[in-house]
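# Fold and geometry: a report
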Amino acid sequence: DLIHPHLASKMLPKISLHNVLSEVFDDVDRSGDINATREQEKSMILDKILSKNPCVKSLNDAGHTLEVVYLNKNPNSLFTVGLKVSPAIRSSVLLNQHGNIYL
């Protein structure tokens, strides 16, 4: 059976990053609207992931999916970040980095 492309992208693995310090977002310009701020935060997370995780960067450069799907601020001022990744990125993180993604 064929899987519809829209459904296939929803089936990509998700990775959650817990207890992300709010200092990660210190350089975000908060003078614009909330949507612009949120996009800056997502972009900043992706930049940090790509700069500190070479196995993720090489796969992302080759066209594999890496996307921030949500940012939740917890009551303790820590964030939870949800990532959508390709199966290859997920496997690479598990095999090469013991399941850790560095910020």
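Above this text sits the structure in question.
Presented here is an overview of the structure given in this document. (Residues numbered from 1 in each chain as written. Predicted model: local features only at pLDDT ≥ 70, side-chain atom pairs only at ≥ 80, totals over all residues. Heavy atoms only, no water.)

## Here's the deal with the overall build of the chain
Here is the rule we go by: Secondary structure elements follow DSSP: runs of H or I no shorter than four residues count as helices, runs of E no shorter than two count as strands, and numbering proceeds from the N terminus. Think of it in three bands: with a 1.4 Å probe and only protein chains considered, a residue is buried below 20% of the maximum accessible area for its type, exposed above 50%, and partly exposed in between. Contacts are assigned to residue pairs with any non-hydrogen atoms lying within 4.5 Å of each other. Throughout, the Shrake-Rupley method with a 1.4 Å probe supplies accessible areas, and for residues the shown protein chains are the sole cover considered. For this count, His and the chain ends are skipped, Lys and Arg are scored as positive, and Asp and Glu as negative. We put the charge of a Lys on NZ, of an Arg on CZ, of an Asp on CG and of a Glu on CD.
When helices and strands are tallied, the chain shows four helices and three strands. Listed by position from the N terminus, the elements making up the chain come as α-β-α-α-β-β-α. For the chain, the spread of C-alpha atoms along the principal axes amounts to about 45 × 30 × 25 Å. Evaluated residue by residue, the chain yields a buried proportion of 35% over its 103 residues. Taking as baseline every contact in the chain between residues at least 6 positions apart, the subset at least 24 positions apart corresponds to 57%. Total accessible area computed for the chain in this model is approximately 6500 Å², and 53% of it derives from carbon and sulfur atoms. A gap of 6 Å separates the mean positions of the 11 positive and 11 negative side-chain charges of the chain.

## As for helix α2 (residues 34-52)
Test applied: Under the convention used throughout, the expected extent of a helix is 1.5 Å for every residue step, that is, one less than its residue count. Within 3.5 Å is the distance limit for a polar contact, defined as a pair of N or O atoms, with the added protein rule that one can donate a hydrogen and the other accept it, and that residues adjacent in sequence qualify only through two side-chain atoms.
With 19 residues, α2 should cover 27 Å at 1.5 Å per step; its first-to-last C-alpha distance of 27 Å lies within 8% of that length. Among all positions in α2, only Thr 37, Glu 41, Lys 42, Met 44, Ile 45, Ile 49 and Leu 50 are buried. Next to the buried residues of α2 lie β1 (14-20), α3 (54-61), β2 (66-73) and β3 (79-85). For α2, the side-chain oxygen to backbone nitrogen distance between the N-cap and Asn 35 is 2.8 Å, and the N-cap itself is Asp 33.

## Overview of the pairing of β2
Where we set the bar: Pairing between strands requires that DSSP locate at least two bridges from one strand to the other.
Where β2 meets β3, seven bridges bridge the pair, whose relative direction is antiparallel. In the strand pairing of β3, Tyr 70 is matched with Gly 82. Between β2 and β3, which pair antiparallel one after the other, the connecting turn spans five residues, and Ser 77 there sits at a positive phi close to 70 degrees.

## A short note on the sheet that holds β3
Whether parallel or antiparallel, the strands of a sheet pair through hydrogen bonds between backbone atoms. Note the cut-off: Lines fitted to C-alpha atoms define the axes, with helix axes restricted to the stretch in contact, and inter-axis angles between N-to-C directions lie between 0 and 180 degrees.
In spatial order, the strands read β1-β3-β2; together these three strands make up an open sheet with antiparallel pairing. Both edges of this open sheet fall to β1 and β2, since each of them pairs with a single strand only. Adjacent strand axes in the sheet meet at a mean angle of 20 degrees when their direction is disregarded. Its contacts with the sheet put α2 on β1, β2 and β3, and the angle it makes with β2 is roughly 120 degrees.

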